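Observations on chain architecture
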Amino acid sequence: MLVLVAPGQGAQTPGFLTPWLELPGAADRLLAWSAAIDLDLVHYGTKADADEIRDTAVAQPLLVAAGLLAAHALDGVRPDAVAGHSVGEITAAVLAGVLDETSALRFVRARGLAMAEAAAVAETGMAAMLGGEQDVVVGHLEGLGLTPANVNGAGQIVAAGTAEQLAALAETKPEGVRRVVPLKVAGAFHTVHMAPAVAALEAKAAELTVADPKTAYVSNRDGAVVTGGEEVVARLVGQVANPVRWDRCMETFQEMGITALVELCPGGTLTGIAKRALPGVKPLALKTPADLDAARELIAEHTGPAA
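The shown structure was predicted, so the numbers you read here are calculated from the model rather than taken from an experiment. (Residues numbered from 1 in each chain as written. Predicted model: local features only at pLDDT ≥ 70, side-chain atom pairs only at ≥ 80, totals over all residues. Heavy atoms only, no water.)

Turning to the overall build of the protein chain, a few remarks are in order. A tally of regular secondary structure across the protein chain gives 13 helices and 10 strands. Relative to the globule expectation of 19 Å for 307 residues, the C-alpha radius of gyration of the protein chain, 18 Å, shows essentially globular dimensions. For the C-alpha atoms alone, the extent of the protein chain along its principal axes is close to 50 × 45 × 35 Å. Here the protein chain, with 307 residues, has 54% of them falling under the buried criterion. Considering only residue pairs separated by 6 or more positions, the protein chain has 74% of its internal contacts joining residues 24 or more positions apart. Summed over its atoms, the accessible surface of the protein chain is roughly 12,400 Å², and 51% of this surface lies on carbon and sulfur atoms. (Helix = DSSP H or I, 4+ residues; strand = E, 2+ residues; numbered from the N terminus. Rg over C-alpha atoms; globule rule 2.2 N^0.38 Å. Buried < 20%, exposed > 50% of the residue type's maximum accessible area, 1.4 Å probe, protein only. Contact = heavy atoms within 4.5 Å. Areas by Shrake-Rupley, 256 points an atom, 1.4 Å probe, with all protein chains shown as cover.)

The subject of this paragraph is the layout of surface pockets. In this structure, the largest pocket occupies an estimated 740 Å³ of space. Together, 36 residues line the largest pocket, and Gln9, Gly10, Ala11, Leu183 and Lys184 are the ones closest to its centre. Of all the elements in the fold, those that place two or more residues in the lining of the largest pocket are helix 3 (50-54), helix 6 (101-119), strand 3 (124-131), strand 4 (147-153), strand 5 (156-162), strand 6 (177-182) and helix 12 (269-277). (1 Å grid on protein atoms, 1.4 Å probe; cavity = no way out; pocket = protein on both sides within 12 Å on 5 of 7 lines; lining within 4 Å. Points joined across faces, edges and corners; volume = space filled by probe spheres on them.)

In spatial order, the strands read 4-5-3-6; together these 4 strands make up an open sheet with antiparallel pairing. Edge positions in the sheet fall to strand 4 and strand 6, since each of these pairs with one other strand and no more. For this sheet, the mean angle separating the axes of adjacent strands, direction not counted, is 20°. Note: strand 3 against strand 6, 5 bridges, orientation antiparallel. (Pairing = 2+ DSSP bridges. Axes fitted to C-alpha atoms, helices over the stretch in contact; angles between N-to-C directions.)

Of note, Phe253 is situated in helix 11 (residues 246-256). Separated by 250 residues in the primary sequence, Phe253 and Val3 place their C-alpha atoms 7.8 Å from one another. Residues within four places of Phe253 in sequence aside, it is in contact with Val3, Val5, Ala83, Val218, Trp246, Ile258, Leu261 and Leu278.

This next bit is on the nonpolar core. Membership of the largest hydrophobic core comes to 78 residues, with the highest contact counts inside it found for Leu17, Leu74, Leu99, Tyr217 and Leu286. The element that contributes the greatest number of residues to this core is helix 4 (residues 56-73), accounting for 11 residues. In contact with Leu99, not counting residues within four places along its chain, are Ala93, Val94, Ala104, Leu208, Thr209, Val210, Val233 and Leu236. Among the nonpolar cores identified, the runner-up in size contains 17 residues, and Val5, Trp246, Met250 and Ile258 belong to it. (Core = buried A, V, L, I, M, F, W, Y, C linked by side-chain atoms within 4.5 Å.)

Here the focus is the side chain of Ser86. For Ser86, the location among the structural elements is in the loop between strand 2 (81-84) and helix 5 (88-95). Since its relative accessible area comes to 9%, Ser86 is described here as buried. Those residues in contact with Ser86, other than ones at most four positions away along the chain, are Arg111, His190, Asn220, Gln239 and Val244.

Next up on the list: unusual backbone geometry. Between Cys265 and the following residue, Pro266, the backbone shows a cis peptide bond with an omega angle of -5°. Assignment of secondary structure puts Pro266 in the loop between strand 9 (260-263) and helix 12. With phi around 55°, Asp38 is a residue other than glycine that occupies positive phi space. Its place among the elements puts Asp38 in the loop between helix 1 (26-37) and helix 2 (41-46). Unlike most non-glycine residues, Ala154 shows phi in positive territory, near 55°. Turning to its location among the elements, Ala154 is positioned in the loop between strand 4 and strand 5. The class for Ala154 is partly exposed, based on a relative accessible area of 34%.

Across the interface, helix 6 lies against helix 9 (residues 195-205) with an axial gap of 8 Å and an inter-helix angle of 160°. In terms of their interaxial angle, helix 6 and helix 9 are classed as roughly antiparallel. Relative to helix 9, the crossing made by helix 6 is right-handed. For the pair formed by helix 6 and helix 9, the contact residues are Arg106, Phe107, Ala110, Arg111, Ala114, Met115 and Ala118 on the first element and Pro196, Ala197, Ala200, Leu201, Lys204 and Ala205 on the second. Taken together, the residues of the contact of helix 6 with helix 9 sort by class into 10 nonpolar, no polar and 3 charged. (Parallel < 35°, antiparallel > 145°, perpendicular 65-115°, else oblique. Left-handed = near helix turned anticlockwise from the far one by under 90°. Nonpolar A, V, L, I, M, F, W, Y, C, P; charged D, E, K, R; others polar.)

Encoded structure:
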């Protein structure tokens, strides 16, 4: 059984879409999506520097577009389940048939703008912690006023809060934590700091045409398999101000009997977690088109020929 997963913000790097645009039809798709959302995805995916693509309003649609380009390159693969980390859930909603591509990109454009506006209110950020017992780490964060915004499993929790709170974390690491690594994001996502973005997304969601998932959609709010399209969208809206529970998604993958995990472009982060947390599951990251042949072989082994 195969799950396709899509990474969240912070996975982007300068120029990462350049090789993907050499694939047939990819440049035309990206140009059409750029026109639909009034954002030059070709420029940001090929020529922009790290600071430009760190901008929340740019990074989020860029990541969704990248995931969709990679999915097209897999020639109609039909996974047994889909999931996404943070903004990657919007990519997953397209793969599951809940949203069409253009609507999803317009929604994620609105999401990025709303979250960027919310992040501008105060100096906030996020930092990943490696190691430590989950209960101990969470308790330490709460004592500092921080939120465990991403509980990723495999000994990784991401804290979010104000710059002052994160500075205090760097000075007083939780017991067992080996490293505290600041993330390249522009705000305290998945916390109360993002609450102003929820209302904006509720209004945007009302414009969407929604279908029920045709593929098992695993929600990162709690690892549940969501069967209704309206519920998927409601979770996408609320997700921006609530923690990501990727650990529970992986528990669901195990319960489903998933045997292979392919992470869409720009892959790497979720594959690394899976290697540590999902023994017996074969993970593969799509970083460049050079990884496509290996992905197709893995997909054929775990699902049969692509549709």
